[in-house]
Amino acid sequence: MQKKLILNILGVFFLALGILAMINTIYQGVNYGVDLASILWFSYIGMILLGIAILKKDSDLVLSQINILGIPYVFWNIDFFYYLIKGKTLFGLVDYFFESGALFGKIISAQHLITIPLGLFAIYLIGLKTKNAWKLSFIQIFIVFIITRIATTPAENVNCVFKNCANFDFGIPYVLEWFLSYLIMIFITNWIICRIFYKNKKIKK
């Protein structure tokens, strides 16, 4: 009963946070001319799907979101704490967080600090049923890529689908580079988390 209550609280938290994030983005767009395309960012989609997954006790869906968000969030967190210590960013990912702006938006953005730990905690409570969550992750990034390319512009560059957001490239056509980068991150994250939970006997055979 206690486990179920904790999972329900986590699920409602992520679902509410994701919905509030999208509402805030729409509000900012209507009132301040912010690009409404921002609702397509993986972070917003991920929070809503995490909420649904935890409420459904679907650890595969939970892991599929961590696969997509995990490594990017690690870099965001490194950059965040580097800024706190050094007063400047290392990767240029958190500049916006420390600039003047709406407090509510910063509170939502702070979810980068807790999403992965709470998601892993949810997996621990639910237990993994398979090691194949990476398949769900790949299907999701493919669908989101297509929708983002159709519904947004290169100037917005939501989810970095039009041009590189990083400081390195593989020297191949960018579409292939985008998918290759995500596939690498997804497989690495999926492998690490499955290894951890297998040792803790949380993966059911």
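Visitor: Let's hear about the overall build of the protein chain: which residues, and what values?
Guide: In terms of regular secondary structure, the protein chain is built from eight helices and zero strands. Traced from its N-terminal end to its C-terminal end, the protein chain shows the element sequence α-α-α-α-α-α-α-α. The C-alpha atoms of the protein chain give a radius of gyration of 17 Å, which matches the 17 Å a tight globule of 205 residues would have. If one aligns the C-alpha atoms of the protein chain with their principal axes, the spans along those axes are about 50 × 40 × 40 Å.

Visitor: Kindly report on helix α6 (residues 115-126), identifying the contributing residues and their values.
Guide: Along its 12 residues, α6 runs 16 Å from first to last C-alpha, staying within 8% of the 16 Å computed at 1.5 Å per residue. All of the buried residues in α6 are Thr-115, Ile-116, Gly-119, Ala-122, Ile-123, Leu-125 and Ile-126. Downstream of α6 by a residue or two, Gly-127 has a phi angle that is positive, lying close to 90°.

Visitor: Residues and numbers for the side chain of Ser-137, please.
Guide: Here Ser-137 shows up in helix α7 (residues 133-151). Side-chain polar atoms of Ser-137 contact the side chain of Asn-67, separated by 3.2 Å. Beyond its immediate stretch of four places on either side in the chain, Ser-137 contacts Ser-64, Asn-67, Ile-68 and Ile-186.

Visitor: Can you explain α7? Please cite residues and give values.
Guide: Between the first and last C-alpha of α7 there are 27 Å, a value that for 19 residues agrees with the 27 Å anticipated at 1.5 Å per step. Buried residues of α7: Ala-133, Ser-137, Gln-140, Ile-141, Val-144, Phe-145 and Thr-148, and no others. Down the axis of α7, the smallest arc covering the buried residues is 135°, so these residues share one side.

Visitor: How would you summarise the packing of aromatic side chains if you had to cite specific residues and measurements?
Guide: Summed over all chains, the structure comprises 18 aromatic pairs. Ring centres of Phe-42 and Trp-178 lie 6.3 Å apart, and the angle between their planes is 25°; on these two criteria the pair is classed as stacked. Residue Phe-42 is found in helix α2 (residues 42-55), and its partner Trp-178 is found in helix α8 (residues 174-199); the two are separated by 136 residues along the sequence. For the pair shown, Phe-42 and Trp-178 are each scored as buried. Summarising the aromatic geometry, the rings of Phe-75 and Phe-91 are spaced 5.4 Å apart at their centres and angled 75° between planes, so their arrangement reads as edge-to-face.

Visitor: Explain the packing of α2 against α7 residue by residue, including any values.
Guide: Contact geometry for α2 and α7: axes closest at 12 Å, N-to-C directions at 135°. By the angle class used here, α2 and α7 are oblique. In this structure, α2 meets α7 at a crossing whose hand is right-handed. Residues Phe-42, Ile-45 and Leu-49 of α2 pack against Gln-140, Ile-141 and Val-144 of α7. Here the residues of the contact of α2 with α7 sort into five nonpolar, one polar and no charged.

Visitor: Talk me through a nonpolar patch on the surface; I want residue IDs and the actual numbers.
Guide: Judged by side-chain polarity, Phe-170, Ile-172, Leu-176, Leu-180, Ile-184, Ile-188, Trp-191, Ile-192 and Ile-196 come together as a nonpolar surface patch covering roughly 810 Å² of accessible area. Within the secondary structure, Leu-176 sits in helix α8. Residue Leu-176 is classed as exposed on the basis of its relative accessible area, which comes to 53%.

Visitor: Could you give me a rundown of the packing of helix α3 (residues 59-86) against α7, with the residues and numbers involved?
Guide: The contact between α3 and α7 brings their axes to 8 Å, and the two run at 60°. One finds that α3 runs oblique with respect to α7. Like other packed secondary-structure pairs, α3 and α7 cross with a definite hand, here right-handed. Side by side, α3 and α7 meet where Asp-60, Leu-61, Leu-63, Ser-64, Gln-65, Asn-67 and Ile-68 of the first sit next to Ala-133, Trp-134, Leu-136, Ser-137, Gln-140 and Ile-141 of the second.

Here is what the cut-offs are and how they apply
- Residues numbered from 1 in each chain as written.
- Predicted model: local features only at pLDDT ≥ 70, side-chain atom pairs only at ≥ 80, totals over all residues.
- Heavy atoms only, no water.
- Helix = DSSP H or I, 4+ residues; strand = E, 2+ residues; numbered from the N terminus.
- Rg over C-alpha atoms; globule rule 2.2 N^0.38 Å.
- Expected span 1.5 Å × (residues − 1).
- Buried < 20%, exposed > 50% of the residue type's maximum accessible area, 1.4 Å probe, protein only.
- Polar contact = N/O pair within 3.5 Å; in protein donor to acceptor, adjacent residues only side chain to side chain.
- Contact = heavy atoms within 4.5 Å.
- Arc of directions from axis to C-beta.
- Phe/Tyr/Trp six-rings, centres within 6.5 Å; stacked < 30°, edge-to-face > 60°.
- Axes fitted to C-alpha atoms, helices over the stretch in contact; angles between N-to-C directions.
- Parallel < 35°, antiparallel > 145°, perpendicular 65-115°, else oblique.
- Left-handed = near helix turned anticlockwise from the far one by under 90°.
- Nonpolar A, V, L, I, M, F, W, Y, C, P; charged D, E, K, R; others polar.
- Patch = residues over 30% accessible without salt bridge, like charges linked within 9 Å, V, L, I, M, F, W, Y side chains within 5 Å.
- Areas by Shrake-Rupley, 256 points an atom, 1.4 Å probe, with all protein chains shown as cover.
- Salt bridge = Lys/Arg side-chain N within 4 Å of Asp/Glu carboxyl O.

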